[in-house]
Amino acid sequence: MTQSFRLESGGLINRDKKISFKFNGKNYFGYEGDTLASALIANGVHLIGRSFKYHRPRGFFGAGVDEPYAIVQLYRNGETEPNIKATEQELFEGLEAKSVNCWPSVNFDIGAINNFLKIFLPAGFYYKTFMWPKSFWYKIYEPFIRRAAGLGTASIKHDKERYEHKYEYCDLLITGSGPSGLASAYSAAKNGAKVILAEDKSRFGGTLLTSEVNIGNQSGKEWADSIISELKEMPNVTVKNRSQVFGYYDHNMLVMSERISDHLPKTKKFHPKQRLWYIRAKEVLISSGSIERPIVFGNNDTPGVMLSSAAKEYMKVYGVLVGKKPLVFTNNDSGYETAIEFKKNGIDPIILDTRKEPQSEIIEEAKNMNINIKNSYVVVAAQGYKKVKSADVAKISDNKEELGSIENIECDCICVSGFWTPTIHLASQSGNKTKFNEDIDAFVPGISKQNEKTLGAANGIYTLEETLKDSFEKGNLLSKKITNNENKVSFPNVVEKKSTVHDKFWCVPLPKGKNYKRFLDFQNDVAVSDIEIALKEGYRSIEHVKRYTTLGMATDQGKTSNLNGLQLVSKIENKVVPAVGHTTFRPPYSPVSIGAIVGREVGKHSKPTRKSPMHSWHEKNNAVFVDAGVWLRPRYYKRGEENLFEASKREAKNVRTNVGVCDVTTLGKIDIKGPDAAELLNRVYTNAWLKLPVGKARYGVMLREDGIVMDDGTTTRISENHYHMTTTTAQAANVLSHLEYYLQLVWPELNVNVVSTTEQWAGAAIAGPKSREVLKKLFPKSDVSNEGLPFMGYMEADLFGVKAKIFRISFSGELAYEVNVESDNGYFMWEKIIEAGEEFGIQPYGTEALSTLRIEMGHVAGSELDGRTIPYDNSLEGLISKKKDFIGKRSLSRKAFAAEDRQKIVGVIPLDKKTSIPEGSHLVKDSNAPLPNPKLGYISASCWSVEHDNPFSLAILKDGKNMIGKKLFVMSPLKNKVIPVEIVSSHYVDPKGERVRS
Amino acid sequence: MLHIKCPHCGIRSQNEFSYGGDATIKRPELGKEISDQDWDNFVYNRKSLRGKHWELWQHLSGCRQWIKVQRDTATHEIFKTLKANEEIS
Ligand SMILES: [Zn+2]
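Residues numbered from 1 in each chain as written. Chains lettered and ligands numbered in written order. Predicted model: local features only at pLDDT ≥ 70, side-chain atom pairs only at ≥ 80, totals over all residues. Heavy atoms only, no water.

What to know about the overall build of chain B
Each helix and strand counted, chain B has one helix and six strands in total. When the helices and strands of chain B are listed from N to C terminus, the series reads β-β-β-α-β-β-β. When the backbone C-alpha atoms are referred to their principal axes, chain B occupies close to 40 × 25 × 25 Å. Looking at the 89 residues of chain B, the share that counts as buried comes to 40%. The contacts of chain B with a sequence gap of at least 6 include a subset with a gap of at least 24, amounting to 47%. Of the accessible surface of chain B, which amounts to about 5200 Å², a share of 45% is contributed by carbon and sulfur atoms. Side-chain charges in chain B split into 14 positive and 12 negative, and the spacing between the mean points of these groups amounts to 7 Å. (Helix = DSSP H or I, 4+ residues; strand = E, 2+ residues; numbered from the N terminus. Buried < 20%, exposed > 50% of the residue type's maximum accessible area, 1.4 Å probe, protein only. Contact = heavy atoms within 4.5 Å. Areas by Shrake-Rupley, 256 points an atom, 1.4 Å probe, with all protein chains shown as cover. Lys, Arg positive; Asp, Glu negative; His and termini not counted. Charge placed at Lys NZ, Arg CZ, Asp CG, Glu CD.)

See the structure below:
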């Protein structure tokens, strides 16, 4: 393919470097510095995709971020990405892109039938059509909508690219490097302020790259280049291109997405693909410019109809003609600049100006160049299906309501200019109360809420001289306030052509007998007639009209459509635009890739991984790990071909018959010190703590103020004013915060300090009838007999030269001890335990066996203490002191908590003693009762009892106290299981608790 | 993301803090008789105010102190922060 629409010379592209790329399977060439859009246009490709609703042919409308049509599926280095704007995607060698939203191909699209059925797809179509019958939703409507909607396909593959987050602070953040951004950045930088200047595009300079102006005897571009190169040299300035500030959040925090590698065929080694910047700025200067708005006319979505400024940019930046027979349709002087540029490149444009007799320097220049200008003329409709072939034009009356006779003009593109809309998204996101500016027919920033100011075109200032003056001054003033330093920049001489006022004309009336579709929102296919229907149906609030018609709700967020939509609503409603008001602008200004938002917090990096000091021993001994919060814990130790079930059964059985050792380092540990430590414990636990002797441990339960159990654990009195508290692994952080809350805010008079020591101690639980024998070998100098170290006793001992703490506590129901040593000695301790235990048949056991042991004991854990149960429910009412008050006690006397038939923990055994019971199943009286079957309780935990060799579960059951011996059914609709069961005591092993005391 | 001035550490980002609810709620004294209504008011009943609101935050990833923050719930403006032992005036 030849680049038949590429100019012989000109543009900012590098013609020495040819780049090959593929679009819809065909090979093309472009140049370095092209966007995918400019390269396609250069090759004469104008059909890019199909529209969202009617599947009408779509081409290019803009040249940048405002593009509503040219959205492609991109293929780069073996990966694919949807929703890429061809106008933003820079060309790289080997780039591949495909059209979206068309099937089977962009040229022949079946969905285009919607276009001929458009009478059936008016505003609110989805709401009206897919409402009923309800049963149709799942099988018919949803798949239909899903297939018809969407703009591309997300990859389901793991994204191999790296994305980074960066936090930055600055004095001034300036968003956009057009004239206002450059001037303000320059004067602020000269005053020594820390400045970040962000430019969305690859080239700095904004409109200076395309306008015929002169600043300090340089062209606009030359001036921009010199300012940028000076700024880049300054140590207090960060200049970033390809960086979009897309969100303005609270307390002057802005988020910017920097596209580091998207313009390259492949991300460089050690480079991220994109970087998200969280910038906390003292002051923000918004210099985001403005976006040209279209004039609405018939078939104004035909490929070849585009913004006049975009046509100019394609010529001036990329050396590309958008057409060779251009029609410029304008209501202001901007269209003339585009026409002049065409003329300079040897193309004869025709200007249709809606104004009657406009006069200005620019118009004079066009006239002098012999450009054909038709005043009081409008485009009534574009003709041509896949590309503009001609335009129906007509004279329009002075009141803009009557059309003259229709003439047809041959053309291959229609460049539209309906004046300019300031880009106020960031200002609006910051909470700025925007106001309507009658002169420019658009909203501009008003009263600031945060430290933000808007400059230049974004503020509705459209002359270069005024823009530069204002921007130099604001940059200087704001930075001076911060740095107390002034280094004033002299104002350059500015030459620009004067323009005259625009015509407040935005929509061409329909000619008699014609019913052309006149589009407002190009991406969502919202036409004038849709808004009219919505208003007829009674929608009034602009927010409702927006949602009903989907105006401005596409991925371009209505950058080119919002104001014309407002104009229409206000015209029909006979209100002024500010009374209608604009819809809310929300971040992101332009779509941001999910990868950038997630950053490096993916997979294993999504949260920290905590490992115990014995982790490498577990690894070496075939441990299979499980995530326990952020901890990695051995779930079981695999031997040979064993599976989880077999291994955990073996491990648990070995604890019941010999001795096992379990890594319990993950348990939360809190060190409590101070003269009032006992008093604190007495207030947070439900049982009595004032009389616990030194060297003794006690089991305790703590509640929330609403009476629900928060956590349980043992606390040991190490010395007079020193306690060692343990919490469950899951609640460790919450319990510490809870204690701090009461100590700092509720009872500051208590003289107590608390600190987490979870990571300071490595812990091993040695459990089983032979555990004392192991202990004797480990601590030959200490008396670990039943008298020397009784149940719930504590002692400090010497473990072959290492200081150890021994707690005689049990989670398994067997004779058991927990040994703690400083973390650095954890591995040493573990090896010694394994060594000493060898002759007694010691085996390490994981969390699965640990669970089995506690379940058959009826010892409650996280699945019972789930934030919904009170002590009674867990058979812990014996631990509630009647004599003292404590956190949450008052709540326990609430009616529901004191009810006679209150839920209570029970044991559950299947009648066949074989079928295992799924956790989370419901308990019901009658398995054949009509649905919804009244639920009596739920299975909280299940195991295979190694003591009895049959399944056993714990359940929280209504009136559990009186249900022992009853027969019920367990139902699991999820697993399609109905199991007849018997309710038994929750203490299935050693109900009298003799073993722990043996 | 908010910027919160911890009275102990200075200005820090919101992600170092955790939210703790209404700072004006006083816990009833331990061991004192209290009506069901008063207890419910303490445990459950909260006003969802629009506007200036004194609330608790804990500087969890910093000094671990609970602090009192006066914030506008609609605009997120923060007017004042106090240490736990300073009275709201
Ligand atoms: Zn702090």
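Next comes the rest of the account.
Observations concerning empty space enclosed by the protein
Residue and element names in this part refer to chain A. Under the criterion given, the structure shown has four cavities of 30 Å³ or more. Roughly 250 Å³ of volume is contained in the largest cavity. In this structure, the largest cavity is lined by 18 residues; those nearest its centre are Thr 421, Gly 558, Asn 562, Leu 563 and Phe 585. Those elements that provide at least two residues to the lining of the largest cavity are strand 25 (420–422), helix 13 (542–549) and helix 14 (562–573). With three residues, helix 14 is the single largest residue contributor to the lining of the largest cavity. The residue makeup of the lining of the largest cavity, split by class, is nine nonpolar, seven polar and two charged. (1 Å grid on protein atoms, 1.4 Å probe; cavity = no way out; pocket = protein on both sides within 12 Å on 5 of 7 lines; lining within 4 Å. Points joined across faces, edges and corners; volume = space filled by probe spheres on them. Nonpolar A, V, L, I, M, F, W, Y, C, P; charged D, E, K, R; others polar.)

Here's the deal with the sheet that holds strand 46 (residues 922–924) of chain A
Residue and element names in this part refer to chain A. Taken in spatial order, the six strands close into a barrel running 45-48-47-46-49-50, and their pairing is antiparallel. In this sheet, neighbouring strand axes are inclined to one another by 45° on average, regardless of whether the strands run parallel or antiparallel. Summarising the sheet, strand 46 and strand 47 (residues 937–945) pair through two bridges and their orientation is antiparallel. Directly across from His 922, in strand 47, lies its bridge partner Tyr 938. Helix 23 (residues 847–857) rests against strand 47 and strand 48 (950–957) of the sheet, and its axis sits at about 120° to strand 47. (Pairing = 2+ DSSP bridges. Axes fitted to C-alpha atoms, helices over the stretch in contact; angles between N-to-C directions.)

Looking at the interface of chain A and chain B
Across the contact, 28 residues belong to chain A and 28 residues belong to chain B. When the area that chain A buries against chain B is broken down by residue, the three leading residues are His 251, Gln 744 and Arg 890 of chain A, summing to 27%. Our count for the chain A to chain B interface comes out at three salt bridges. Close ionic contact of Arg 27 of chain B with Glu 705 of chain A constitutes a salt bridge, the shortest N to O distance being 2.4 Å. Along the contact surface separating chain A from chain B lie 18 residue pairs in polar contact (both at pLDDT 80 or more). Looking at the side of chain A that touches chain B, the elements that each hand over two or more residues are strand 8 (163–175) and helix 20 (732–746) of chain A. For the side of chain A that touches chain B, the element with the most residues is helix 20 of chain A, which contributes nine residues. Here the side of chain A that touches chain B is composed, by residue class, of 13 nonpolar, five polar and ten charged. (Buried area = accessible area lost by both parts, 1.4 Å probe. Salt bridge = Lys/Arg side-chain N within 4 Å of Asp/Glu carboxyl O. Polar contact = N/O pair within 3.5 Å; in protein donor to acceptor, adjacent residues only side chain to side chain.)

Things to note about the coordination of the zinc ion
Residue and element names in this part refer to chain B. Looking at the zinc ion, the protein donor atoms are Cys 6 (SG), Cys 9 (SG), His 59 (ND1) and Cys 63 (SG), and they sit 2.0 to 2.3 Å from it. What the four donor atoms of the zinc ion show is an angle range of 105 to 113° at the metal, which sorts the shape as tetrahedral. Of note, the zinc ion draws all its donor residues from one chain, in the sequence arrangement C-x2-C-x49-H-x3-C. A residue pair is termed long-range when its members are at least 10 positions apart, and Cys 6 in strand 1 (residues 3–6) and His 59 in the loop between strand 4 (52–58) and strand 5 (66–72) qualify at 53 residues. On the basis of relative accessibility, which here comes to 1%, the residue Cys 6 falls in the buried class. Here His 59 falls in the buried class, since its relative accessible area comes to 0%. (Donors = N, O, S within 2.8 Å, 3.2 Å for Na, K, Ca; no water. Tetrahedral: all angles 85-135°; square planar, octahedral: opposite > 155°, others 65-115°.)

Quick notes on the nonpolar core
All names here are of chain A. Core analysis: the biggest nonpolar cluster contains 84 residues, and Tyr 314, Leu 327, Phe 329 and Ile 414 have the highest contact counts within it. Residue assignment places this core across two domains, with domain 1 (14–149) and domain 3 (294–418) each supplying three or more. Ignoring sequence-local partners within four residues, the contact set of Ile 414 consists of Phe 297, Gly 304, Val 305, Met 306, Leu 327, Phe 329, Val 379, Ala 382, Val 388 and Ala 391. By size, the runner-up hydrophobic cluster in this structure holds 31 residues, among which are Trp 617, Ala 764, Ala 797 and Val 819. (Core = buried A, V, L, I, M, F, W, Y, C linked by side-chain atoms within 4.5 Å. Domains from an automatic or database assignment.)

As for the pattern of salt bridges
All names here are of chain A. Counted by the stated rule, this structure contains 70 salt bridges over all chains. Salt-bridge contacts for Lys 481 lead to Glu 283; the nearest nitrogen and oxygen are separated by 3.9 Å. Of this pair, Lys 481 sits in helix 11 (residues 464–483) while Glu 283 sits in strand 15 (residues 274–286), and the two are 198 residues apart along the sequence. Among the residues examined, Lys 481 registers a relative accessible area of 58% and is labelled exposed. Since its relative accessible area comes to 10%, Glu 283 is described here as buried. Salt bridges linked by common partners bring Arg 162, Glu 164, Lys 240, Glu 258 and Arg 275 together as one network.

Some points on the domain arrangement of chain A
Split by domain assignment, chain A resolves into domain 1 (14–149), domain 2 (163–290 + 422–495), domain 3 (294–418) and domain 4 (854–888 + 898–997). Using only C-alpha atoms to locate each centre, domain 3 of chain A and domain 4 of chain A end up separated by 79 Å.

Considerations on the pairing of strand 21 (residues 377–383) of chain A
Residues and elements named next belong to chain A. With respect to burial, strand 21 is a largely interior element, six of its seven residues being buried. Inspection of the sheet shows strand 21 paired to strand 22 (residues 390–395) by six bridges, in the antiparallel sense. Bridge pairing links Val 379 to Val 393 in strand 22. From the end of strand 21 to the start of strand 22, which pair antiparallel, there are six residues, and Gly 384 there has a positive phi angle of about 120°.

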